[in-house]
Amino acid sequence: TPAARHLHSNVDFWTYQAGLVFKPVSNGSIYVSYGTSANPSGVATGEGSGDNANISVQTQDLKPQKSKNIEVGTKWDVFDDRLNLTAAVFRSQITNARVAIDAATTVLAGTKRVEGIELGATGRITEKWSIFGGVTHLNPVLVDNGPGAANIANNGNQFPNTARNSGSLWTTYAVARRVTVGVGAFASDKQYGNVQNTKYIPGYTRFDAMAAWQVNDTLNLQLNVQNLSDKKYYDKIFTTHYATVAPGRSALITANMHF
């Protein structure tokens, strides 16, 4: 039986952010923001399923990964403020990413960078018809996967669990004074599970629907159906030999009471 180990990580760090907003006209604005973030060893959130996502003997004494993020965007209200349009370009880079150079050694020597653009629209086309949608394009690159021939071979690859393109569209329509129906779709490109880009889950499109009934001023009933076509698809892949199957068709009825 292996001897028990007590693993710990005790680190301090500062992060900061700043932003500036300019309104050239009353219905539009342009903004720029800059910020930093840190990811200590043992905090897997946002790190996908890559190597060293959790604390280990190899990572417990490492300093946090640090990233720098810059974004420039604009927001506009059009059609008498019925529709809100947004656009943004951004860049996020980690220059001390954790890299396993062998089975027993992890170093802060990698560089990851993602650049992207995001477009969105939210609002009402008519008094009864509303839309909510957006698309995102990313360029997630392993700029430097660390020292050693095995790591260098993966430079320029796409990093795991990040789709290049994704988007969603949701629309609702009030078919009667107290009844609203809606349909929507979510689409995603394929996602790789390893830095070698040899394992991946294919892209998919999922369709959802809803219906809501405002019974009276107090009670609201709503039916949500996800994955209308009962499509089989995968929503996450791991570095080893498996991926998770997304839920099949499911329905949820909720009742909301207001007093």
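Residues numbered from 1 in each chain as written. Predicted model: local features only at pLDDT ≥ 70, side-chain atom pairs only at ≥ 80, totals over all residues. Heavy atoms only, no water.

*Asks:* What is the right way to look at the overall build of the protein in this model?
*Replies:* Counting secondary structure elements, the protein contains 1 helix and 15 strands. Relative to its 259 residues, the protein shows a buried fraction of 31%. Surface exposure of the protein reaches about 15,700 Å², of which carbon and sulfur atoms provide 58%. (Helix = DSSP H or I, 4+ residues; strand = E, 2+ residues; numbered from the N terminus. Buried < 20%, exposed > 50% of the residue type's maximum accessible area, 1.4 Å probe, protein only. Areas by Shrake-Rupley, 256 points an atom, 1.4 Å probe, with all protein chains shown as cover.)

*Asks:* Would you explain the pairing of strand 15 (residues 250-257) in this entry?
*Replies:* The side chains of a regular strand alternate, residue by residue, between the two faces of the sheet. Taken across its 8 residues, strand 15 has 0 buried, putting it largely on the surface. Bridge count for strand 12 (residues 219-226) against strand 15 is 8 bridges, and the pairing is antiparallel. The partner of Leu223 across the bridge, within strand 15, is Ile253. (Pairing = 2+ DSSP bridges.)

*Asks:* I would appreciate a short explanation of the pattern of salt bridges in the present structure.
*Replies:* Opposite charge on two side chains permits pairing when their charged atoms draw close. What the rule picks out here adds up to 5 salt bridges. When the shortest N-O distance is used, the salt bridge between Glu115 and Arg91 registers 3.5 Å. Here Glu115, found in strand 5 (residues 105-124), pairs with Arg91, found in strand 4 (residues 83-102); they are 24 residues apart in sequence, far enough to count as distant. What emerges from the salt-bridge pattern is a single network uniting Arg91, Arg113 and Glu115. (Salt bridge = Lys/Arg side-chain N within 4 Å of Asp/Glu carboxyl O.)

*Asks:* How do you make sense of a nonpolar patch on the surface when you look at a structure like this?
*Replies:* A cluster of nonpolar side chains, Tyr16, Leu20, Val32, Tyr34, Ile70, Val72, Val89, Ile117, Leu119 and Val135, forms an exposed patch at the surface whose accessible area comes to about 850 Å². Counting only elements with at least two residues in the nonpolar patch, the list comes to strand 2 (28-39), strand 3 (65-78) and strand 5. Within the fold, Leu20 resides in strand 1 (residues 17-25). Overall, Leu20 belongs to the exposed group, its relative accessible area being 58%. (Patch = residues over 30% accessible without salt bridge, like charges linked within 9 Å, V, L, I, M, F, W, Y side chains within 5 Å.)

*Asks:* What is the right way to look at the side chain of Ser29 in this model?
*Replies:* Tracing the backbone shows Ser29 in strand 2. Each residue touching Ser29, except ones within four places of it in the same chain, is listed here: Val21, Phe22, Lys23, Pro24, Gly73, Thr74, Lys75 and Trp76. (Contact = heavy atoms within 4.5 Å.)

*Asks:* What am I meant to see in the pairing of strand 12 here?
*Replies:* In the sheet, strand 11 (residues 204-214) pairs with strand 12 via 6 bridges, with the strands oriented antiparallel. Bridge pairing links Gln214 to Asn220 in strand 12. Following strand 11, the chain reverses through 4 residues before pairing antiparallel with strand 12.

*Asks:* For this particular structure, what's the right way to read the packing of aromatic side chains?
*Replies:* The description of two aromatic rings rests on the distance between their centres and on the angle between their planes. Following the criterion strictly, the structure yields 5 aromatic pairs and no others. Summarising the aromatic geometry, the rings of Tyr192 and Tyr200 are spaced 6.0 Å apart at their centres and angled 70° between planes, so their arrangement reads as edge-to-face. Pairing Tyr204 with Tyr233 gives two aromatic rings, centres 4.2 Å apart and planes at 20°, and the pair type is stacked. Residue Tyr204 is found in strand 11, and its partner Tyr233 is found in the loop between strand 12 and strand 13 (234-237); the two are separated by 29 residues along the sequence. For Tyr204, a relative accessible area of 10% translates into the label buried. (Phe/Tyr/Trp six-rings, centres within 6.5 Å; stacked < 30°, edge-to-face > 60°.)

*Asks:* How should unusual backbone geometry be read in this particular structure?
*Replies:* Of all residues except glycine, most have a negative phi; of all peptide bonds, most are trans. Of note in this structure, Asp80 is not a glycine but carries a positive phi near 60°. In this fold, Asp80 is placed in the loop between strand 3 and strand 4. For Asp80, a relative accessible area of 72% puts it in the exposed group. Even without being glycine, Asn227 reaches a positive phi, approximately 60°. Within the secondary structure, Asn227 sits in the loop between strand 12 and strand 13.

*Asks:* For this particular structure, what's the right way to read the confidence of the model for the protein?
*Replies:* If pLDDT is low for a region, its predicted coordinates should not be looked at in detail. Averaged over the protein, the pLDDT score is 87; the fraction of residues at 70 or greater is 86%. Within the protein, helix 1 (residues 149-152) has the poorest average pLDDT of any element, 83, and strand 8 (residues 179-188) the best, 97. (pLDDT = per-residue confidence, 0-100.)

*Asks:* Would you explain the environment of Lys75 in this entry?
*Replies:* For Lys75, the position within the fold is in strand 3. Along the backbone, Lys75 and Ala87 are 12 residues apart, and their C-alpha atoms lie at a distance of 6.7 Å. In this view, Lys75 contacts Asn27, Gly28, Ser29, Tyr31, Leu85 and Thr86; residues no more than four positions away in its chain are not counted.

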